[in-house]
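# Structural features, examined
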Amino acid sequence: MKTVLTSVEWGKSVTVAGPLLVDAAYAELEIVEQPSATDGRQIVAFRPPTRPYLSVQPDGRLEANRDTVGEWERFAAWDNADGSVSYRSWRGFLSMDDLGVIRADRQSIGAWEKFRRPRRGLVGTLGITDGVFVDDMGPVLPVAIHAGDLFCAEVFGREREVDAALDRFAEAEYDIWRDWETLNWADRPASWWAPRVLGPGVTANYRDRLVTHVRRGIARGLKVHLAAGDLRGIGDGREDELFDIVADVMSTVGSEHFALVEGLNEARDTGDRDDAEPAEIERLVNRVRARHPANLYALSAYTGTEDRAEIRRWTPDWMRMYLYHQGRAGHVGDKVRHAFSMGYEDPARRLGWSGEPFGVNPPGRSWWVSGVEHAEELDDEAMALWAAMALIARQVPTFMSSPGVKFEADAPFESMPGFWSVPRVRDILPRDLMRFQTLCHSGESQRGTRVLCAAGEGDSLVRVDGAIADDGRFVFGVYGAVPGDWVVGLAVERRCELTMIHPATREAIGPVQYRPGDTVGFRFRHGRIVTGRLT
């Protein structure tokens, strides 16, 4: 997927800057990603249409005269708190003036040095290296959306609606969609999904239909998290056939397009007695894993539980991250706290995947996401705050909603609170966030480590939970126990520079320098994201 350099200040791409650059005004300047630097920074090069790479000259000028990428052609991406990005060359930061002319010799970042962050999706196979999620270009912060009914809807004649939904997923900048490959496979009249059925033997041309469906997502730069939605009433032989088909489909379309292969959705409730045991689902998953060992796999979240012992039971030694379905109780503050606690309090693995958390229903209505307490609190800010905390706590967040359970024509995904804000909260987070070495809360037991101090208690509690890197960078979520018109001052314990950011609008205040004993003032309904560095 081609991404183009575009100025935040001027809203346009590069213009004519001499015969060595381009021949037409406002020509597209393609961003060509390179392998990440050792410190996790994204490295890019720039290439005009049909021309060689841009090279930074000693005086800061750029010339399009290099066929390969070396030191003079490399730019390190610097993430800005407002969600924009700046690019530093060997001579200085890239800058674009009001005429669209670019140079690369600025020594600080101002409005002219800020560019729109490119969205490229995941490149190659999603994997895990050195304790972080990575793609072929380096560390990533994957974000998924739950669309369990999408394949079934397509099989039952709703191809145009499925295409429209996938278009919106890509537009909103999700990386992954979660889909069920079977539903009511045994054709049980009492099934919640009846009279619809989905699975080999009951769906004509099942294998080819699954190939076509996955390719719809691939065409939009998306990867799939595929899980069996239902194995109840199905014998072992037919289950083996299903997982062999999944492996065949991966071979046909390319295994790199599968972000995660999961054995069975909530195995306690969706299979027969043997399917409620990890060994049986592991046996099925291993049929796929043996043929495609480079991919990520999980057995099942078993059911909606955060019980560590149960999660460990479903996380065999070879699984590289844990999978769970977050509980749906409490206020927004409880939900955000639970996301942090899963990564902080004795996790089964360093990395996790939140596959089917609490979710949103159509405003003013209660539909298919059941058991969500205080659902009326779930607005754009709340959902983005939760997603940011999941990423801070080293988990892949999955946006959950009513159409993500049952795809209804009168409740489109894009109308759900949080649909747009959840994936875009990544723009305010460092790409190598999951490498940050220390997770910490900000209570008294963290004195000496914490940056800000939590305050209050009960419904007046303001928590500060986050991650600190060994190089001094940090990201915290500051949030209240319950929604409200919060106006609060938090004490600073360590000298730092920080920026406070609205998780949904990405409006930023800062950076501001603080010393121990200073107070940082916050105003919010649910919370804010704080990014910065110890100084």
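Remember, predicted model here, so these are calculated numbers, not experimental data.

Here the focus is the side chain of Ser300. Inspection of the secondary structure assignment puts Ser300 in the loop between β17 (297-298) and α7 (308-313). For Ser300, a relative accessible area of 2% gives the class buried. For Ser300, the side chain forms a polar contact with the main-chain nitrogen of Ala267, separated by 3.0 Å. From its side chain, Ser300 meets the backbone nitrogen of Tyr302 in a polar contact 2.9 Å long. Apart from the residues lying within four places of it in its own chain, the contact partners of Ser300 are Glu262, Leu264, Asn265, Glu266, Ala267, Trp314 and Leu323.

A separate point is the pattern of salt bridges. By the definition in use, this model includes 40 salt bridges. Among the salt bridges present, the one from Glu356 reaches Arg178, with a minimum N-O distance of 3.0 Å. Highlighted residues: Glu356 in the loop between β19 (352-354) and α9 (380-392) and Arg178 in strand β14 (residues 176-180), separated in sequence by 178 residues. Residue classification places Glu356 among the buried residues on the basis of a relative accessible area of 9%. When its relative accessible area of 0% is taken as the criterion, Arg178 is described as buried. A salt bridge links Glu493 to Arg447; the shortest N-O distance between them is 4.0 Å. Here the residue Glu493 occupies a position in the loop between β24 (486-491) and β25 (496-501), and Arg447 occupies one in the loop between β21 (438-440) and β22 (462-468), the gap between them amounting to 46 residues.

Residues Phe133, Leu150, Phe169 and Trp353 are the most contacted members of the largest nonpolar core, which totals 113 residues. Per-element accounting of this core gives the leading share, 10 residues, to α9. Within the second largest apolar cluster, 22 residues are counted, among which are Val451, Val464, Cys496 and Tyr514.

About the cut-offs
- Residues numbered from 1 in each chain as written.
- Predicted model: local features only at pLDDT ≥ 70, side-chain atom pairs only at ≥ 80, totals over all residues.
- Heavy atoms only, no water.
- Helix = DSSP H or I, 4+ residues; strand = E, 2+ residues; numbered from the N terminus.
- Buried < 20%, exposed > 50% of the residue type's maximum accessible area, 1.4 Å probe, protein only.
- Polar contact = N/O pair within 3.5 Å; in protein donor to acceptor, adjacent residues only side chain to side chain.
- Contact = heavy atoms within 4.5 Å.
- Salt bridge = Lys/Arg side-chain N within 4 Å of Asp/Glu carboxyl O.
- Core = buried A, V, L, I, M, F, W, Y, C linked by side-chain atoms within 4.5 Å.

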